[in-house]
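Understanding the architecture of this molecule
The lines below spell out each chain.
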8 protein chains.
Amino acid sequence: MDVEKILRQVKNQELSVQEAMGELKNLPYEDLGYARIDHHRRLRSGFSEVVFCQGKADDHLRGIFENFYSHRINVLGTRASRRQYELLREQFPEIVYDEVARTVKIEFEKQEPFGKVAVCTAGTADIPVAEEAAVCAEFFGVDVSRFYDMGVAGIHRLLAKREEICQANCVIAIAGMEGALGSVLAGLVDVPVIAVPTSIGYGANFGGVSALLSMLNSCANGISVVNIDNGYGAAYLAAQINRLAVKGKNG
Amino acid sequence: MDVEKILRQVKNQELSVQEAMGELKNLPYEDLGYARIDHHRRLRSGFSEVVFCQGKADDHLRGIFENFYSHRINVLGTRASRRQYELLREQFPEIVYDEVARTVKIEFEKQEPFGKVAVCTAGTADIPVAEEAAVCAEFFGVDVSRFYDMGVAGIHRLLAKREEICQANCVIAIAGMEGALGSVLAGLVDVPVIAVPTSIGYGANFGGVSALLSMLNSCANGISVVNIDNGYGAAYLAAQINRLAVKGKNG
Amino acid sequence: MDVEKILRQVKNQELSVQEAMGELKNLPYEDLGYARIDHHRRLRSGFSEVVFCQGKADDHLRGIFENFYSHRINVLGTRASRRQYELLREQFPEIVYDEVARTVKIEFEKQEPFGKVAVCTAGTADIPVAEEAAVCAEFFGVDVSRFYDMGVAGIHRLLAKREEICQANCVIAIAGMEGALGSVLAGLVDVPVIAVPTSIGYGANFGGVSALLSMLNSCANGISVVNIDNGYGAAYLAAQINRLAVKGKNG
Amino acid sequence: MDVEKILRQVKNQELSVQEAMGELKNLPYEDLGYARIDHHRRLRSGFSEVVFCQGKADDHLRGIFENFYSHRINVLGTRASRRQYELLREQFPEIVYDEVARTVKIEFEKQEPFGKVAVCTAGTADIPVAEEAAVCAEFFGVDVSRFYDMGVAGIHRLLAKREEICQANCVIAIAGMEGALGSVLAGLVDVPVIAVPTSIGYGANFGGVSALLSMLNSCANGISVVNIDNGYGAAYLAAQINRLAVKGKNG
Amino acid sequence: MDVEKILRQVKNQELSVQEAMGELKNLPYEDLGYARIDHHRRLRSGFSEVVFCQGKADDHLRGIFENFYSHRINVLGTRASRRQYELLREQFPEIVYDEVARTVKIEFEKQEPFGKVAVCTAGTADIPVAEEAAVCAEFFGVDVSRFYDMGVAGIHRLLAKREEICQANCVIAIAGMEGALGSVLAGLVDVPVIAVPTSIGYGANFGGVSALLSMLNSCANGISVVNIDNGYGAAYLAAQINRLAVKGKNG
Amino acid sequence: MDVEKILRQVKNQELSVQEAMGELKNLPYEDLGYARIDHHRRLRSGFSEVVFCQGKADDHLRGIFENFYSHRINVLGTRASRRQYELLREQFPEIVYDEVARTVKIEFEKQEPFGKVAVCTAGTADIPVAEEAAVCAEFFGVDVSRFYDMGVAGIHRLLAKREEICQANCVIAIAGMEGALGSVLAGLVDVPVIAVPTSIGYGANFGGVSALLSMLNSCANGISVVNIDNGYGAAYLAAQINRLAVKGKNG
Amino acid sequence: MDVEKILRQVKNQELSVQEAMGELKNLPYEDLGYARIDHHRRLRSGFSEVVFCQGKADDHLRGIFENFYSHRINVLGTRASRRQYELLREQFPEIVYDEVARTVKIEFEKQEPFGKVAVCTAGTADIPVAEEAAVCAEFFGVDVSRFYDMGVAGIHRLLAKREEICQANCVIAIAGMEGALGSVLAGLVDVPVIAVPTSIGYGANFGGVSALLSMLNSCANGISVVNIDNGYGAAYLAAQINRLAVKGKNG
Amino acid sequence: MDVEKILRQVKNQELSVQEAMGELKNLPYEDLGYARIDHHRRLRSGFSEVVFCQGKADDHLRGIFENFYSHRINVLGTRASRRQYELLREQFPEIVYDEVARTVKIEFEKQEPFGKVAVCTAGTADIPVAEEAAVCAEFFGVDVSRFYDMGVAGIHRLLAKREEICQANCVIAIAGMEGALGSVLAGLVDVPVIAVPTSIGYGANFGGVSALLSMLNSCANGISVVNIDNGYGAAYLAAQINRLAVKGKNG
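Residues numbered from 1 in each chain as written. Chains lettered and ligands numbered in written order. Predicted model: local features only at pLDDT ≥ 70, side-chain atom pairs only at ≥ 80, totals over all residues. Heavy atoms only, no water.

Section: the interface of chain E and chain D
Counting from both sides, the interface comprises 35 residues of chain E and, opposite them, 36 residues of chain D. Across the interface of chain E and chain D, roughly 3000 Å² is buried in total on both sides, 52% from carbon and sulfur atoms. Three residues stand out in chain E for area buried against chain D, namely Asp190(E), Leu216(E) and Asn221(E), and they jointly supply 21% of the buried area on that side. On inspection of chain E and its partner chain D, the count reaches zero salt bridges. On the surface where chain E and chain D come into contact, there are 10 residue pairs in polar contact (both at pLDDT 80 or more). Of all the elements in the fold, those that place two or more residues in the side of chain E that touches chain D are helix H3 (39–45), helix H8 (162–165), helix H10 (209–216), strand S11 (223–225) and helix H11 (231–247) of chain E. For the side of chain E that touches chain D, the element with the most residues is H11(E), which contributes eight residues. (Contact = heavy atoms within 4.5 Å. Buried area = accessible area lost by both parts, 1.4 Å probe. Salt bridge = Lys/Arg side-chain N within 4 Å of Asp/Glu carboxyl O. Polar contact = N/O pair within 3.5 Å; in protein donor to acceptor, adjacent residues only side chain to side chain. Helix = DSSP H or I, 4+ residues; strand = E, 2+ residues; numbered from the N terminus.)

A closer look at the relation of the copies chain E and chain D
Its rotation angle being 180 degrees, the transformation that places chain E on chain D also includes 0.0 Å of axial translation and leaves an RMSD of 0.1 Å. Taken together, these values place the two copies in the relation of a two-fold axis. An overlap of 100% is found between the interface residues of chain E and their copies at the interface of chain D, pointing to a shared contact surface. (Least-squares fit on C-alpha atoms with pLDDT ≥ 70 in both.)

Focus: the relation of the copies chain A and chain F
For the pair chain A and chain F, the best superposition has an RMSD of 0.1 Å and corresponds to a rotation of 180 degrees with a translation of 0.0 Å parallel to the axis. A symmetric contact is evident, with 100% of the interface residues of chain A recurring at the interface of chain F.

Re the pattern of salt bridges
A complete count under the given rule lists 88 salt bridges over all chains for this structure. Put simply, Lys116(H) and Asp143(H) hold a salt bridge, and the shortest N to O gap is 3.2 Å. With Lys116(H) in strand S7 (residues 114–121) and Asp143(H) in strand S8 (residues 142–147), this pair connects stretches of sequence that are 27 residues apart. In this structure Lys116(H) comes out as partly exposed when scored by relative accessible area, which is 24%. Given a relative accessible area of 30%, Asp143(H) falls into the partly exposed group. Between Asp149(H) and Arg157(H) there is a salt bridge, with its nearest N and O atoms 3.9 Å apart. For the pair formed by Asp149(H) and Arg157(H), the shared burial category is buried. Ionic contacts of the salt-bridge type, sharing partners, join the residues Arg82(A), Glu86(A) and Glu99(A) into one network. (Buried < 20%, exposed > 50% of the residue type's maximum accessible area, 1.4 Å probe, protein only.)

Looking at the interface of chain A and chain F
Chain A puts 36 residues into the contact, and the matching count from chain F is 36 residues. Of the roughly 3000 Å² buried between chain A and chain F, counting both surfaces, carbon and sulfur atoms make up 53%. In this assembly, chain A and chain F are joined by 10 residue pairs in polar contact (both at pLDDT 80 or more). Among the residues forming the side of chain A that touches chain F, the class breakdown is 17 nonpolar, 12 polar and seven charged. (Nonpolar A, V, L, I, M, F, W, Y, C, P; charged D, E, K, R; others polar.)

Examining the pairing of strand S8 (residues 142–147) of chain G
Residue and element names in this part refer to chain G. Examined bridge by bridge, strand S7 (residues 114–121) and S8 share five bridges and lie parallel to one another. By the bridge assignment, Phe114 is partnered in S8 with Val142. For the segment spanning S7, helix H6 (residues 127–139) and S8, crossover handedness is right-handed. (Pairing = 2+ DSSP bridges. Right-handed = clockwise from strand over helix to strand, strands pointing away.)

Regarding the domain arrangement of chain A
Residue and element names in this part refer to chain A. Its domain assignment divides chain A into domain 1 (3–106) and domain 2 (114–249). Domain 1 puts 17 residues into the contact, and the matching count from domain 2 is 15 residues. Both sides together, the interface formed by domain 1 and domain 2 hides about 1300 Å², and carbon and sulfur atoms give 68% of it. Looking at the side of domain 1 facing domain 2, the largest losses of area belong to Phe47, Arg79 and Val100, adding up to 40% of the total buried there. Seen at the junction of domain 1 and domain 2, the total is one salt bridge. For Glu132, the salt bridge identified is with Arg79, shortest N-O distance 3.0 Å. Linking domain 1 with domain 2 are two residue pairs in polar contact (both at pLDDT 80 or more), by the criterion used here. (Domains from an automatic or database assignment.)

Written as structure tokens, this is what we have:
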């Protein structure tokens, strides 16, 4: 552990007290003024970096990607508009855009996929959120199976795929409107179900609240919920669970 | 039609203009001061009378039952406490109390049951609302089948009863928490599903709002919703639909 | 029943166990990758297919219509923009657009209208939702009568049409703002009233919540509610009720 | 005007500058420490005093009544429990309690009733709020006509009383649940309708929110709204309107 | 009264029973198909007609104005866009547009102003709602005084105008944000205060909810509330109150 | 697989078609009339049974425990009142009550604990929810470490325990009020954080909504949320994750 | 600084590396198991300790007070019931209870009051929250002036006290219902106004939401808001501001 | 005091009663018709004037700036669009625009900065609100330190800056999403923390409600909240607190 090393150097007079105090404060992040890029997080979390692009000023976005690029760190941007992609492409020609998932990606080296996550949607309109989840999970190195348009109103469509879905170490259930997919899936599998409510629907769906409440109040076991439309968040959690399932506890 | 009859009497000088004007205003309701009992509604609707007991003052409750009793009209009271039942029993010894459904009933003559409604619940805690619906539907003369604790988290329980449920002319789907039962049922049957959200659950169910929104946003066809815990309202509608199915349009 | 037939074939050695297992899983839907078209639903429900166009990607929309078109199945699209109509017209020249109802329709054969539904609105601004309901009900084969701008603030307008409305097997009550039309109509007729709250209004109407709550809390009997602006949903339910009233229970 | 009088006294050296400054600050209220009784309000408003009893500490309640009593000013207490009434009766034996309206009253002299207000309710459960309104309006000297249980689900009950209601200078419309009574009444009369939503109902009435929103979004003209269950507030406004109608502008 | 006249004609055999029944149903409204123009309302209410333009289809808008125009009835349109004004101007050159109030007006004869209403706003951003109220009140024949930017944060601005405001028969208090103007005004005057919450503000004003709740919960007497931004509704009510104050009860 | 076995028996004429059809429908649940006990779920999920006691009728509660007891299946009851415990103790003397966690437990055989979950609370008032989580997790066989009163307002208390918490395979973060503990913990560990909002707090906590929204909107990675006060749900998920981490994917 | 001292001891071999690491982790809090009493906070904040009593288990409450008592540290408990007071009095006879403020207090030494805070309420029902604020502020050593029942509906009551209120270094404005007191006060003084919404009111006050929103949307300058009914929070902030005003920045 | 001076002049017959009455009413504001510019506020508050530009009509905006300009009073405009800046620049060429903070400024003389406020944000997307706060605080003369992107998910970034932040007399904590920064900061410093929730986030952040509730429910001491995105309001309060800390109580 680092603190121990610093203390040993102090003991051995290899480091002055003032230097030691500085070191103790200096955790590895870089200060861009407008953003503090947390390289330490990558060490802590074990996963590559993901940047939330929406609403970022052009200069900030370019600066953040530049920083990762110069360290040759894989980086994925979510909620990226086509305009943002074009802006970044000028500087980083190898950047790749996924129109449906709205992601930009610079990948210096690809890792062998591990584990298995099943990404399921209730309808076709939920696919963009699902693709955000799938692309992010793949970026974190997890093997992804897609099961789209499995809405509970025609339950046989879901039952027909049950066995395939049961192969996964965890399931991401993505649904708008009444959001019942989460409960039904959690009743069928024996692994964690990460429910993602979407803003799909109209009227009394209140921008995703109907699906959110439905999922929070699920009568099924083994289900938890992330923010409305938060495909990225579900993918991150799925990657953690798969790492535990496949590699055991790291560190 | 009455207006025609009144006009004919005016034409034939059997009724003065002043009398006719009075008649035109006099629709058949009785004014108890605190309540206007609408005997006309029974003619209009074709169903016996139901009284919402909760919150009624003792005197008012007694007076309303007295009025029906004296006309020998069948009457059912919903949301009746045991105390209200005991109060009414003093005066009307033949009154019957249903502890689970919280109903009181005075029935002078019973009709032959017609049609079929399937009353389904997601959990055991939804049974009181279901029994209110079932008792009311039976009071309106409809044949009732009960399917309780069919929660979607173990979908096989529901699938096992599918064929029986499909016999009904309409289905009442009663569920709290995430309220997914409505969508799943509406995906399995081809008759109207009347969804009753219940206040069962805790936390982010917000007293039934989660189930209510879920049911309003159902991705299934042929489903409509009544107020939270409103078993009576679902029963009335089910009786109307069964009457249409069995007897065709009345009048 | 199909399962029986499959089992008999297994018994008679006409089908291997593996084949039988495949059959049991194979329900008639087609997998387009992004959408699972449920031809089985048409068999189950007895009604032609309706597609929710809003938010569908161009490719998906075309693919779904192509699929129905190639099977020569009548298809109606709701919430269709003029742009979507023009897109589809390129490929399916016989497609028809209704500007007010925002529907597109390809109809290979028309059926004789049956039953009767009264579609009523409180104001002129509710007409687009009403036309969605009316066009869908007609697509399902139901005879439609329209009663528009019957707002309760001038109750005589409604009373004057009372008798005509009472002819229907069910009534669709469409209103924004305070949504009182549903209660008043349900007090006048003896058939089911399907209430459609609309988002018409401003300020404390909260996008249709005022009308929605009003309709859910109706003191009248025989009323149920669908999602805000959901003309289609009301029409589907009305078609089911009319089928029951006119043809009795199918199957 | 007082300020003028004070200034004149200063000019005429009848009042020192310091005294004048004190006078300018001294408006006629009495400071009980915990409450500042505003005798000035009575002068300003022209109506007797009303005290909101609910939640007042016993000592405070007694002190406030003592203060009015010692000035022999008529006083009415609203939202008074039977316990509070019994507490006050010990000290003020002439105090009168109204169980339904939950009011206590000490009246030293009664005034001749003027004007006319029609207090209407949708159901019997709204009567306590209506009686609060009626008792308060009578305390302010207004003549009150009561029309209870006029719910819009049986619109003929309301139409039968239309002419009588139209006699009033203003109408108080009291309703819970869907609160449609306000719109219907405002469509029938040509005087201000003061709508009082009540907390009567259950489920999605959300403690009166459904009726409140319904009334705020009324499509009828000449309607305004007070707080849920606020019978007193409606009565005060009705008294002001009647005073204008009968006596013209005061002052 | 009309019913009496019809009955007398029946009695005198001047009208057949069938004709009489038709007459009884025929109240004076005109059916444009999409809209039922209620000329009867003008008789009932005593005020000229106002049309809510926002969201009306061009054809409907023109048709409604055409109808009034052909009867030479004064008509005012609220929430009218400049585009709608230009559309109507082509057909009705004498139409007048008020950019701030967003009203269009065709006035065949002007009436002498009567009474007095004080229209007050908390800020300058509330002026459009205030002008809608002022223009409508003037159209109904009421004399209007304007008091703008009287926000309670600098209470001396309001106190300086107190006497002038006190001249009015009723006060319209228009405020967004915390909406405290209503309470403060109702504490200063002895006539009805009609509070209009506006959607002015940002963040936790929730589109006018903060002002709406503030006004509904006012601790002052003699205040009632209309919908958010509903200047027209306040004006109508103010006209009714002024008519009562100036002319006594009509009819 | 069972379906295969049944089909083979049909092929081999060991089972008639009718018997096979019955078997295909008969999944292993027991119908108590009011409840369908799902023994199949135990097979599917691999965990012992947990019963939600709150609101269960006495007869139903006894019946459900009787059923498990007679099969000698370990059973845990959550949200159990002391009265319910005493009721069950009469029949099942070996039942154990935990006053803080509000659980009742009958355990026929105990399993060796596996894995590790860290149960953390922000305050002392969150302890009952934490104990529900801890007792449930232990019942599912997971080893539990408790870290209570780690509120973020004194961040050093949390930092001091960081290393211990980092040992766990997953972390349950329980907090009411502003619910910030979830974000802070998820920023410190590299395993899934299951956030449980609690209803602890007052005023604008709205019964747990403040903590719920806070946790759903966390800016940290690897966090998901269950219902307000749902300690059980968090424990179930934690058990699934630990099983994956320790035993890999089952079956 | 402590870290420096520890490092120097390591350098001087007075402390082993392991001991140093332990010291670095040991910040001065005491672990009672169920609660981590943060003596460090008192050093950081400079104020005595306050305990939130509501909902604390009896054992925990006693344990926490015992801990402070044994260190002879002044301690104040808020939201304390009479029962909790009696419980603590058995063990700590010098404890003092304030019935209105609902506080218990053990004070070993009293400090000289400094600064000045004006605690103002709109009504008498707000006094309990005000007394919580006042008692807490006095416990923190601040001089308190009380101004109760200053409601804006009679603005002269407030204006009469203006000068006295202006003496304070900061003002606490406590109001329920429409919560306008905050805006009016902030318009009159030139120091920070801490607004405390209260749950006083009924109906559309939604437990304090109306006052909360009103205060958050204030059009006045120099106002900020704490949680509904949070008198303690306002007092703490007022003490910090007074310390800055009187003593300048500490440390 | 002015009133005293006026009264003395009356006493000395230097002022007639009528003139005195006029003076007493004339507080120093200027009436532009649409706006009442409150020069008195500047005297009362001691700070220069700030204008909320958003939604102001062009003429009004120009008029208000013209008024300040002609009195050579420093003026800052917030929420100013680039278009508004360009409009004003035509007339006031010395006006300065800050694109990020969205402010326009005309400063005739600059004051020496006093005190110290720390403006902290959780993320980079919160910077526009932070710059509004910072620019306003600087305009009021306060010295500002900026600490951006200190989000609690990587708590070490915040801890590293702790000492610098502790220098300030008060801290402005700006955060969207879960808004935990306020609690964490208030736990680290001993001066007032002014929390500004921002609308940054998506889904269940509900436009800033999640951060707002989080901050209102903070378990930390010494924190209060302003409206969502209200950087200006926080700056004003910070300026008042700094003036108290540095200059003591003014006046």
